[in-house]
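# Overview (structure and organization)
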Amino acid sequence: MQLLREGGCGGVLPPARPLQHLASLDKAAEQWAAGRSLTDAAERSGYQVHTAAGLHITGPASATIQLLKQAGCRTVANQAMRDVGVYQRGLNTWLVLASANVTPAVSQAPILATRALQLVNEVRARGARCGERTFAPAPPVKLSDTLAGVAFGHATDMARHNYFEHEDRTGHSPADRVRAVGYQEKLVGENIAYGPKSADEVVQGWLDSPGHCENIMDPRFAEMGIAFAPGHSAKRGLYWVQLLVAPKA
């Protein structure tokens, strides 16, 4: 599916960024398969729907790409879609593709990501003491849209389901989530935080924590993705996720 988006359905459409796999939309796909309307299924899963589309294909897993290309390549490659959920039963596969309502805070994400990158690279350039360990200056990291998408997926899932863990509710680790979008990695580090409202506050909080600081200062990391999602119901702080990754050569 990601190949169809990246290739624009064989060059027919502009390339689209990878979809982020969300457990909430897996549930939506299951409920859609059970007979609920697509929008109702997505909303019942806790996803704040802005746009949604569904695809139902029948056939072996080995034929998935060809079936998607034939049945709904334009839907798969729609640049408006950001997230995806999948439910399988026998030879049947239901996919829900969606984009969420964007809050004013989330609309500032590119600005905050740029600021976080600046802060991270400033401390890497000068070196730092992380608890009992001293780190020499390290090369700068660069932002990755792909990693930012993975970070946003996990931040959103934590916010919607009120948990705070590196391992998500389906048991996937940060490295699992990175690999799921086709990113080839050698090493993955993840920092998470809840509460800070600014890039300056969240980065300083991580630097004040030895383990998080060590991730930021690790010279093996070359790319970074950072994202946040606002908490729901009584929780109004921001859930932050920072991924630091050493890509395969």
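Residues numbered from 1 in each chain as written. Predicted model: local features only at pLDDT ≥ 70, side-chain atom pairs only at ≥ 80, totals over all residues. Heavy atoms only, no water.

### Comments concerning the pattern of salt bridges
- Following the criterion strictly, the structure yields 10 salt bridges and no others.
- Note that E190 and R177 form a salt bridge whose closest N and O atoms lie 3.0 Å from each other. Placement of the pair is E190 in strand β8 (residues 185-194) and R177 in helix α9 (residues 174-180), with a sequence separation of 13 residues.
- By relative accessible area, which is 11% here, R177 ends up buried.
- The partner of R179 in a salt bridge is E185, and the shortest N-O contact between them spans 2.8 Å.
- Exposure remark for R179: the relative accessible area of 44% places this residue in the partly exposed category.
- Through salt bridges that share partners, D168, R177 and E190 make up one connected network. (Salt bridge = Lys/Arg side-chain N within 4 Å of Asp/Glu carboxyl O. Helix = DSSP H or I, 4+ residues; strand = E, 2+ residues; numbered from the N terminus. Buried < 20%, exposed > 50% of the residue type's maximum accessible area, 1.4 Å probe, protein only.)

### Some details on the layout of surface pockets
- Considering only enclosed or pocket space, the second largest pocket measures out at about 350 Å³ in volume.
- As for the second largest pocket, its lining consists of 21 residues, and the residues nearest its centre are H21, L22, D168, R177 and A180.
- Residue assignment for the lining of the second largest pocket shows that the elements contributing at least two residues are β1 (20-21), α3 (23-33), β3 (83-89), α8 (145-161) and α9.
- Per element, the largest residue contribution to the lining of the second largest pocket is four residues, and it comes from α8.
- Partitioning the lining of the second largest pocket into residue classes produces nine nonpolar, seven polar and five charged. (1 Å grid on protein atoms, 1.4 Å probe; cavity = no way out; pocket = protein on both sides within 12 Å on 5 of 7 lines; lining within 4 Å. Points joined across faces, edges and corners; volume = space filled by probe spheres on them. Nonpolar A, V, L, I, M, F, W, Y, C, P; charged D, E, K, R; others polar.)

### Describing the side chain of S24
- As for its placement among the helices and strands, S24 is situated in helix α3.
- Sequence-distant contacts of S24, defined by excluding residues within four places in its chain, comprise S45, Y47, D157, R160, H161 and R169. (Contact = heavy atoms within 4.5 Å.)

### Some points on the sheet that holds strand β10 (residues 238-247)
- Taken in spatial order, the four strands line up as β7-β9-β10-β8 in an open sheet, and their pairing is mixed. Of all the strands in the sheet, just β7 (142-143) and β8 have a single pairing partner and so form its edges.
- Two strands pair when backbone bridges link them, and β7 and strand β9 (residues 223-230) are joined in this way by two bridges, in the parallel orientation. Following the sheet pairing, L143 is matched in β9 by M224.
- Contacts between helix α7 (residues 109-126) and the sheet are confined to β7, β9 and β10, with β9 contributing the most and set at about 135° to the helix.
- α8 rests against β7, β8, β9 and β10 of the sheet, and its axis sits at about 30° to β9. (Pairing = 2+ DSSP bridges. Axes fitted to C-alpha atoms, helices over the stretch in contact; angles between N-to-C directions.)

### Things to note about the sheet that holds strand β2 (residues 49-58)
- Pairing within the open sheet is mixed, and its four strands lie in the order β1-β3-β4-β2. Sheet topology places β1 and β2 at the edges, where each strand pairs with a single neighbour.
- Alignment of β3 against strand β4 (residues 92-100), held across seven bridges, turns out to be antiparallel. Looking at the pairing, Y87 lines up with W94 of β4.
- Along the sheet, helix α5 (residues 64-76) contacts β2 and β4; its crossing angle with β2, the most-contacted strand, is approximately 150°.

### Some details on α5
- For α5, with 13 residues, the first-to-last C-alpha span of 12 Å runs short of the 18 Å given by 1.5 Å per residue.
- At Q70, α5 is deflected by roughly 75°, the largest bend along its length.
- Residues of α5 that are buried include every one of L68, G72, C73 and V76, and no others.
- Against α1 (2-6), α2 (8-11), β2 and β4 lie the buried residues of α5. (Expected span 1.5 Å × (residues − 1). Bend = angle between axes of the 7 residues up to and from the residue.)

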